[in-house]
Amino acid sequence: MNFSLPNLSYALNDLEPSISELTMKFHYGKHHQAYVDNLNKFIIGTVFENRSLEEIIKTAPDGPIFNNAAQVWNHTFYFEALGKAKDQNIPTCKAIEDKWGNFDVFKEEFSKAAIGLFGSGWLWLVEDLDGKLQIVGESNAGNPMRKGWRPILCFDVWEHAYYLDYQNKRADYIKNLWTILDWNVILKRF
Ligand code: MN
């Protein structure tokens, strides 16, 4: 299977000022594209050549094929859930309220975990094997589907996601990310 870079549903400058057009040019145009290109290169002549992205993530051993497949999937999932900032961006989500009491408690816990994740990685909201919502951090290309968990939301906390706009201030990036989440997309994932 030849993978390609998925289109965005918004323009590269639509996420400003939370995420600049320059960051999008590098993050989507260069990093995400490079993961796609590397994956296409690495799977040639392997058993993964005709597998879907999800199958590769669930079955590939640790190494370049898994890393690039997961990074393609993770970035697609991340960019898909972003969009133009709206005035009112606090969703009503019963599953979150059932687990955390109210949205602000969830937001605070998720943000704290995203800020505290050591090094490069991803912060996830997932449904675990018991159907319970969990906040989990994954290092590097980590993807919760490998454990059989179902991803609902992810924040990219690799420095390339925010360094051009925020330098070392990951907390400011995380804070502003909440304002550009597209809850129409995210709520459908529950
Ligand atoms: Mn990234």
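See above for the structure.
Engineer: Please clarify how the pattern of salt bridges should be interpreted in this entry.
Structural biologist: When the charged atoms of two side chains with opposite charge come close together, those side chains can pair. Enumeration over the complete set of coordinates arrives at 6 salt bridges. A salt bridge links Lys94 to Asp98, with the shortest nitrogen-to-oxygen separation between them at 2.8 Å. With Lys94 and Asp98 both in helix α4 (residues 94–100) and 4 residues apart, the pair spans about one turn of that helix. The salt bridge involving Glu127 is made with Arg150; its shortest N-O contact spans 3.1 Å.

Engineer: Explain the environment of Asp98 here, please?
Structural biologist: Judged by relative accessible area, Asp98 falls into the exposed class, the value being 55%. Note: C-alpha distance between Asp98 and Ser52 (46 residues apart in sequence) is 34 Å.

Engineer: Quick question: what am I supposed to make of the coordination of the manganese ion here?
Structural biologist: For a metal with four tetrahedral donors the ideal donor-metal-donor angle is 109.5 degrees, whereas six octahedral donors ideally subtend 90 or 180 degrees. Taken together, His27 (NE2), His75 (NE2), Asp156 (OD) and His160 (NE2) make up the full set of protein donors to the manganese ion, lying 1.9 to 2.1 Å away. Read from N- to C-terminus, the donor residues coordinating the manganese ion fall into the pattern H-x47-H-x80-D-x3-H. With His75 in helix α3 (residues 64–80) and Asp156 in strand β3 (residues 150–156), the pair connects residues that are 81 residues apart, well separated along the chain. Accessibility classification places His75 together with Asp156 in one group, the buried group.

Engineer: How should I be thinking about the packing of helix α1 (residues 21–42) against α3 in this particular structure?
Structural biologist: How two helices sit against one another is set out by the angle between their axes and by the gap between those axes. At a minimum axis distance of 8 Å, the contact between α1 and α3 shows a crossing angle of 145°. You can see that α1 and α3 cross each other, and the crossing is left-handed. Of the residues in α3, those in contact with Met24, His27, Tyr28, His32, Ala34, Tyr35, Val36, Asn38, Leu39 and Phe42 of α1 are Pro64, Ile65, Asn68, Ala69, Gln71, Val72, His75, Thr76, Tyr78 and Phe79. Residues that form the contact of α1 with α3 fall into these classes: 13 nonpolar, 7 polar and no charged.

Each value, and the rule that gives it
- Residues numbered from 1 in each chain as written.
- Predicted model: local features only at pLDDT ≥ 70, side-chain atom pairs only at ≥ 80, totals over all residues.
- Heavy atoms only, no water.
- Salt bridge = Lys/Arg side-chain N within 4 Å of Asp/Glu carboxyl O.
- Helix = DSSP H or I, 4+ residues; strand = E, 2+ residues; numbered from the N terminus.
- Buried < 20%, exposed > 50% of the residue type's maximum accessible area, 1.4 Å probe, protein only.
- Donors = N, O, S within 2.8 Å, 3.2 Å for Na, K, Ca; no water.
- Axes fitted to C-alpha atoms, helices over the stretch in contact; angles between N-to-C directions.
- Left-handed = near helix turned anticlockwise from the far one by under 90°.
- Contact = heavy atoms within 4.5 Å.
- Nonpolar A, V, L, I, M, F, W, Y, C, P; charged D, E, K, R; others polar.

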